[in-house]
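# Observations on the three-dimensional arrangement
The lines below spell out each chain.
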Amino acid sequence: ARLESLPTEDTPEAVLHRVFGHAGFRGRQAEIVAHVMAGGSGLVLMPTGGGKSLCFQVPALCRPGLGVVVSPLIALMEDQVAALRQQGIAAAALHSDLPEEEAREVKRDLARGATKLLYISPERLTLDGTLDFLARRPLALFAIDEAHCVSQWGHHFRPEYRGLGLLAERFPTVPRLALTATADPRTVEDIRAQLGLTESPVFRGGFDRPNIFITAAPREQERAQLRAFIKQASDGTGAGIVYCGTRAKTEQTADWLRADGHDALCFHAGLPPEAKRDAHRRFARGDAVIMAATIAFGMGIDRPDVRWVAHLDLPRSPESWYQEIGRAGRDGLPARALLLYGAGDIALARHRIAESPATEEQKRIERARLDAMVSIAESPTCRRRILLRCFGEDAPERCGACDACLTPPHLFDGTIAAQKLLSAVLRTGRRFGLGHLVDILRGRTTDKVAQFGHDRLPTFGVGKDLSETAWRGVARQLVALGALDVAVENHGELVPTDAAKPILKGEQRVMLRAETLVAAAPRDRARA
Ligand code: ADP
Ligand code: ZN
């Protein structure tokens, strides 16, 4: 069967109906397509599932010449090409994983002008031979998918993407459409600068996913918290995803979920290929499964009925978190996201950044992203608003679909509590972890307390008014505020930073979320 190039006199609407079977454009698609049809370049910012593909596929099919789509992900490339070919579009992919024989065939088709849409990896595209070849052909457009890969501001930087800057110089008359789902204002400016799009418009689509109810909570009893969440979020037929910070934790989590009677699988990059394929297949097939996974799980999953996504560990940035929770509720039906976090997560992430081989500039960026993530987790105000602000989108004061809006937390002047904890840290010589410090504050004469004579400290017993959970909350919020560091490389001892000074001197008040301080966990009540 021969695939035909479409007659180019088709209008975008006609192509949308006939080829893709959609009734109309969505959101800003029509505007973007019209802009490219008129020869314009630009940057499209739309969340995953927002409908970015049509923004370049439709004009590529309507404009004369070959449409070139740069994509870094071979699996996604193959998916899109297969889908297009099924609609009768002469699409092909060219990347390094392609068997030599197939690559030759793709090139033959290209040379005959039999290809309408070419998906290509950035390293293939920027080869001299490829560019010279393209320079001799009529081109409909360049689409640069996952455009954030060009920016060093973030985790997705791909050196191969840097070479794409020369498209602007070599093909000044061909429209270039860059597309991304993950873009905070700084990434946006970086992408525009790198790809020569500073004079071109930015089309920002709706990042809000109003059908996802967002909850975040300190991690106290992880399993009990996840159980309660699943009970609330699961509809018995859809899927759920639990993101874990480590590979080992995905396995442990899948194990206890199975023991709890769930059909749970685990997924991480270290699994044998057949186990990964099996997990993907079971997930894609529509089984009512729970996937306990690292962030390695997610690329290219397009299952509409993921009912919930839980994070047992703090994600590294608002962008990653948004992308991961965005896998829930693609069908538009109600879905839920749960974020659990602890002071240790924040400290560990800070430590990893400090120890990474990245440049100082990159580390600064990573810290800023992490801080943004922590502020979403610890925020007493609407979480969706803070999240959307990270993408440069303004949102109403209250979304009505997050825990902070539904049950606004009470704020509490925690200055005295913060001072007590900080002074316990200082008086014990910054050598102890939180457990021991809480024993001192709550006046418990443990062996360790007696051994170090800490029952004779002035701070001994001054914190009986707060539960152990509450003290953990105070510590976490002080870590989030940057007043305390957790020495993860040693034994998790707490170390005050410069930011602790104004608090200790009473020059700075510390407002804490009251619920963390009041809600004592059952084990605390038993001890109290
Ligand atoms: P993105 O690349 O932004 O993640 P996709 O281009 O894969 O999103 O589109 C997500 C889903 O939305 C796809 O299933 C697609 O068919 C559907 N879609 C996109 N645009 C429209 C439209 N105008 N009408 C109906 N469905 C659409
Ligand atoms: Zn809200």
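Residues numbered from 1 in each chain as written. Chains lettered and ligands numbered in written order. Predicted model: local features only at pLDDT ≥ 70, side-chain atom pairs only at ≥ 80, totals over all residues.

### A closer look at the overall build of the protein
The helix and strand tally for the protein stands at 25 helices and 17 strands. Partitioning the contacts of the protein with sequence separation of at least 6, the portion at a separation of at least 24 is 73%. (Helix = DSSP H or I, 4+ residues; strand = E, 2+ residues; numbered from the N terminus. Contact = placed C-beta atoms within 7 Å.)

### Quick notes on the site of ligand 1
In the vicinity of ligand 1, the residues found are His-22, Phe-25, Arg-26, Gln-29, Met-46, Thr-48, Gly-49, Gly-50, Gly-51, Lys-52, Ser-53 and Leu-54. By residue number, the principal contributor to the shell around ligand 1 is helix 3 (residues 52-62), which donates three residues. Here the shell around ligand 1 is composed, by residue class, of three nonpolar, seven polar and two charged. (Near = placed C-beta within 6 Å. Nonpolar A, V, L, I, M, F, W, Y, C, P; charged D, E, K, R; others polar.)

### Some words on the packing of helix 15 (residues 343-355) against helix 22 (residues 468-481)
Put simply, helix 15 and helix 22 touch, their axes get as near as 8 Å, and they point 30° apart. Of the possible angle classes, the one that applies to helix 15 and helix 22 is roughly parallel. For the pair helix 15 and helix 22, the crossing hand works out as left-handed. Note on element contacts: helix 22 touches helix 15 through Ala-475, Arg-476, Val-479 and Ala-480, opposite Ala-343, Ile-346 and Ala-347. Of the residues in the contact of helix 15 with helix 22, the class split is six nonpolar, no polar and one charged. (Axes fitted to C-alpha atoms, helices over the stretch in contact; angles between N-to-C directions. Parallel < 35°, antiparallel > 145°, perpendicular 65-115°, else oblique. Left-handed = near helix turned anticlockwise from the far one by under 90°.)

### Topic: the environment of Leu-118
Checked against the element boundaries, Leu-118 lands in strand 4 (residues 117-120). Overall, Leu-118 belongs to the buried group, with 25 C-beta atoms counted inside 10 Å. Along the sequence, Leu-118 and Val-106 sit 12 residues apart, while their C-alpha atoms lie 9.1 Å from each other. Beyond its immediate sequence surroundings of up to four residues, Leu-118 is in contact with Leu-66, Gly-67, Val-68, Val-69, Ala-92, Leu-94 and Leu-110. (Buried ≥ 20, exposed ≤ 12 C-beta atoms within 10 Å, placed from the backbone.)

### Re helix 16 (residues 360-378)
Helix length check: helix 16 (19 residues) gives 26 Å between terminal C-alpha atoms against 27 Å at 1.5 Å per residue, within 8%. When helix 16 is considered as a whole, its buried residues turn out to be Ile-365, Glu-366, Arg-369, Leu-370, Met-373, Val-374, Ile-376, Ala-377 and Glu-378. As for helix 16, its buried residues are in contact with strand 8 (212-218), helix 14 (318-325), strand 13 (335-341), helix 15, helix 17 (383-390) and helix 22. (Expected span 1.5 Å × (residues − 1).)

### Describing unusual backbone geometry
Note: most residues except glycine have negative phi, and most peptide bonds are trans. A positive phi angle, close to 50°, is found at Glu-146, a residue other than glycine. As for its position among the elements, Glu-146 is in the loop between strand 5 (139-144) and helix 8 (159-162). Classification of Glu-146 as buried rests on a count of 21 C-beta atoms within 10 Å. Backbone geometry at Arg-430 places phi at a positive 50°, although glycine is not the residue there. By the element assignment, Arg-430 lies in the loop between helix 19 (415-427) and helix 20 (434-441).

### Side note on the environment of Val-438
If you trace the backbone, Val-438 turns up in helix 20. In this structure Val-438 comes out as buried when scored by C-beta crowding, with 24 C-beta atoms within 10 Å. In contact with Val-438, other than residues within four places in its own chain, are Glu-468 and Trp-471.

### A word on the sheet that holds strand 10 (residues 264-267)
If you trace the six strands from one edge of the open sheet to the other, you get 8-13-12-9-11-10, paired in parallel fashion. Each edge of the sheet is formed by a strand with only one pairing partner; in this case those strands are strand 8 and strand 10. Shown here is a sheet whose adjacent strand axes are inclined to one another by a mean of 15°, direction ignored. Pairing geometry for strand 10 and strand 11 (residues 290-293), over four bridges, is parallel. Residue pairing for strand 11: Cys-266 is matched across the bridge by Ala-292. Against the sheet, helix 14 engages strand 8, strand 9 (239-243), strand 12 (306-311) and strand 13, with an angle of about 150° to strand 12. (Pairing = 2+ DSSP bridges.)

### Some thoughts on the confidence of the model for the protein
Averaged over the protein, the pLDDT score is 89; the fraction of residues at 70 or greater is 94%. Predicted confidence is poor over residues 1-6, with pLDDT under 50, and the contacts of this stretch with residues over four places away or in other chains come to 10 contacts. Scored below 50 in pLDDT, residues 519-528 makes 13 contacts in the model with residues more than four places away or belonging to other chains. Under the prediction, the complex receives an ipTM of 0.96, its pTM being 0.65. (pLDDT = per-residue confidence, 0-100.)

### Details of the sheet that holds strand 5
Strand order in the open sheet formed by seven strands is 3-4-2-5-6-1-7, with parallel pairing between adjacent strands. Of all the strands in the sheet, the pair left with one neighbour each is strand 3 (91-94) and strand 7 (202-204). Within this sheet the neighbouring strands show an average axis-to-axis angle of 20°, counted without direction. Bridge count for strand 3 against strand 4 is four bridges, and the pairing is parallel. Counted as the bridge partner of Ala-91 is Leu-117 from strand 4.

### What about the nonpolar core?
Ranked by size, the top nonpolar core spans 89 residues in total, and within it Met-291, Ala-292, Leu-421, Leu-437 and Ala-475 carry the most contacts. No other element matches helix 22, which puts seven residues into this core. With residues near it in sequence (within four places) discarded, Met-291 still touches Ala-239, Ile-241, Leu-265, Phe-267, Ala-279, Phe-283 and Phe-297. Counting 56 residues, the second-largest nonpolar core is a separate cluster that includes Leu-16, Ala-178, Val-188 and Leu-195. (Core = buried A, V, L, I, M, F, W, Y, C linked by C-beta atoms within 7 Å.)

### Structural notes on the packing of helix 19 against helix 22
At a minimum axis distance of 10 Å, the contact between helix 19 and helix 22 shows a crossing angle of 85°. In terms of axis orientation, helix 19 runs roughly perpendicular to helix 22. The residues of helix 22 that touch helix 19, namely those facing Ala-417, Ala-418 and Leu-421, are Trp-471, Val-474, Ala-475 and Leu-478. Looking at side-chain class alone, the contact of helix 19 with helix 22 contains seven nonpolar, no polar and no charged residues.

### As for the pairing of strand 11
Judged by which residues are buried, strand 11 turns out to be covered on both faces: Ile-290 and Ala-292 on one side and Met-291 and Ala-293 on the other are all buried. For strand 9 and strand 11, the ladder comprises four bridges, and the chain directions are parallel. Considered in strand 11, the bridge of Gly-240 is made with Ile-290. Note that the unit made of strand 10, helix 13 (residues 273-284) and strand 11 has a crossover that is right-handed. (Right-handed = clockwise from strand over helix to strand, strands pointing away.)

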